[in-house]
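Observations on the model geometry
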Amino acid sequence: EGQPTPTGGVLLYRDEYPNTIDRDVITADLTGKFEFLGRQHDLMLGVTKTDTHYDGDNYIDWDGYYTADFVKSAGNIPQLDHSARLLDETLIADIEEQAAYAAARFHILDSLAVIAGARISDWSYDGDVIRSSTTTDVIYDFDKVVSPYFGAVYDLNSTLSVYASYTDIFTPQNAKNRNLELIDPIDGEAYEAGIKGEFNDGKVNASAAVFQITQDNYAEATGEIISGQAIYEALEGATSTGIEFEVSGEISPNWNLHGGISHSKIEDAKNNPVLTTSAENTLSVFTTYRLPILSERLVIGGGVKWQDDVYKDKVGPDNDKIAGTADDRLAQDSYALADIFARYKFSEHLSASLNVDNIFDKTYYSAFRQGSQYGLPRSV
């Protein structure tokens, strides 16, 4: 049993997760042009191979450490040696991934290009999980998974073009369920269509797009921590539909602007909301301006990022006195973060800059789980 915590004190857990990851990657890409039916087209080929070896331990401080005054003792908290800890889990794993892709861009007309391609992937995971001297083999193997891609771009004029695309999704992920088993790779498909434009002699780019992405096995964090590990559950038919708009570039010789706004809704196969910590509506604007005075040596800028309200169930205040029930909701109201910066160039070799992030010192959550975290405060 853990030791009792006297009123006013703090109970700390000194867990440790030492691990070593070795990764070897080799890639090769080839691009070129070819002629077909009197027109020149583009060809892209590539291969990649990744070998990863993971060796890690989870040392759990079972009883914890009590301190009556955290501020005074924070720098002198004794560290347990490994023999005094509970070695909860050791994981040794080898992960191999190899893939090859081919794609071609066919210039059917001067104003129309069609893209077609595919990626073939092999992915394997061979791991040993050691808990309380018991070893469990964990083996996953996915061979020759084909992910096709199709797209088309049509130039309306010298400024505007419209496009549409489709692709299959196959994405391995490093997330575990409540049984500490690896969740299968994400399997899905994505559709997108939109319009893009170049303005101000190509110095400003703007785009608007609609999209729909459907994914099985998508790992959503439950907010739980088991044996020091974040726990996830696999979502079936997680579908994200939305629209987004972006603009960026040089508005004038001294003024640059980047901004975007998006709206998306994410539901599972039963039309229930999922990934509720992802905001449905977001907006961001960032701008820089070089002042004509002072020989254009001074640049000032800033930005604002806004999102609407989000929430997560089962990790918030225990309203019904039964921990982990759906009503235990942790909610975050909509908020905006503002940053500013200034940079002055004294010479070709010397400049000074000032950055202030979260200038209004907004308090917000950056993680929703057992032991949720606040986002970064104002920093200079």
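Read on for a plain summary of the structure. (Residues numbered from 1 in each chain as written. Predicted model: local features only at pLDDT ≥ 70, side-chain atom pairs only at ≥ 80, totals over all residues. Heavy atoms only, no water.)

Take the overall build of the protein chain next. Across its full length, the protein chain carries 1 helix and 22 strands. With the C-alpha coordinates of the protein chain rotated into their principal frame, the extents come out at 80 × 60 × 50 Å. Sorting the 380 residues of the protein chain into buried and exposed places 29% on the buried side. Sequence separation of at least 24 residues holds for 58% of the intrachain contacts in the protein chain that already meet a minimum separation of 6. For the protein chain, the computed accessible surface area is about 23200 Å², with 54% contributed by carbon and sulfur atoms. If the 29 positive side-chain charges of the protein chain are averaged to one point and the 60 negative ones to another, these points end up 7 Å apart. (Helix = DSSP H or I, 4+ residues; strand = E, 2+ residues; numbered from the N terminus. Buried < 20%, exposed > 50% of the residue type's maximum accessible area, 1.4 Å probe, protein only. Contact = heavy atoms within 4.5 Å. Areas by Shrake-Rupley, 256 points an atom, 1.4 Å probe, with all protein chains shown as cover. Lys, Arg positive; Asp, Glu negative; His and termini not counted. Charge placed at Lys NZ, Arg CZ, Asp CG, Glu CD.)

Within the largest apolar cluster, 9 residues are counted, these being Leu91, Ala93, Trp123, Tyr125, Val129, Val138, Tyr140, Phe170 and Leu182. Secondary structure elements with two or more residues in this core: strand E5 (86-109), strand E6 (112-131) and strand E7 (134-155). Here this core gets 3 residues from one element, more than from any other, and that element is E6. (Core = buried A, V, L, I, M, F, W, Y, C linked by side-chain atoms within 4.5 Å.)

Turning next to the side chain of threonine 90. Checked against the element boundaries, threonine 90 lands in strand E5. In terms of polar contacts, threonine 90 uses its side chain to reach the side chain of aspartate 57, at 2.7 Å. With residues near it in sequence (within four places) discarded, threonine 90 still touches Gly56, Asp57, Asp128, Val129 and Ile130. (Polar contact = N/O pair within 3.5 Å; in protein donor to acceptor, adjacent residues only side chain to side chain.)

On to the pairing of strand E20 (residues 351-356), then. In this structure, strand E19 (residues 335-345) lies alongside E20, joined through 6 bridges in antiparallel fashion. By the bridge assignment, arginine 343 is partnered in E20 with serine 353. (Pairing = 2+ DSSP bridges.)

Inspection of the secondary structure puts asparagine 217 in the loop between strand E10 (204-216) and strand E11 (218-226). Asparagine 217 sits in the buried class, given a relative accessible area of 16%. A distance of 3.1 Å separates a polar atom in the side chain of asparagine 217 from the backbone oxygen of proline 185. Leaving out residues up to four positions away in the same chain, asparagine 217 has contacts with Gln173, Ile183, Asp184, Pro185, Ile186, Ala234, Leu235 and Glu236.

What follows is about the environment of glutamate 96. Among the structural elements, glutamate 96 can be located in strand E5. Separated by 18 residues in sequence, glutamate 96 and valine 114 place their C-alpha atoms 33 Å apart.

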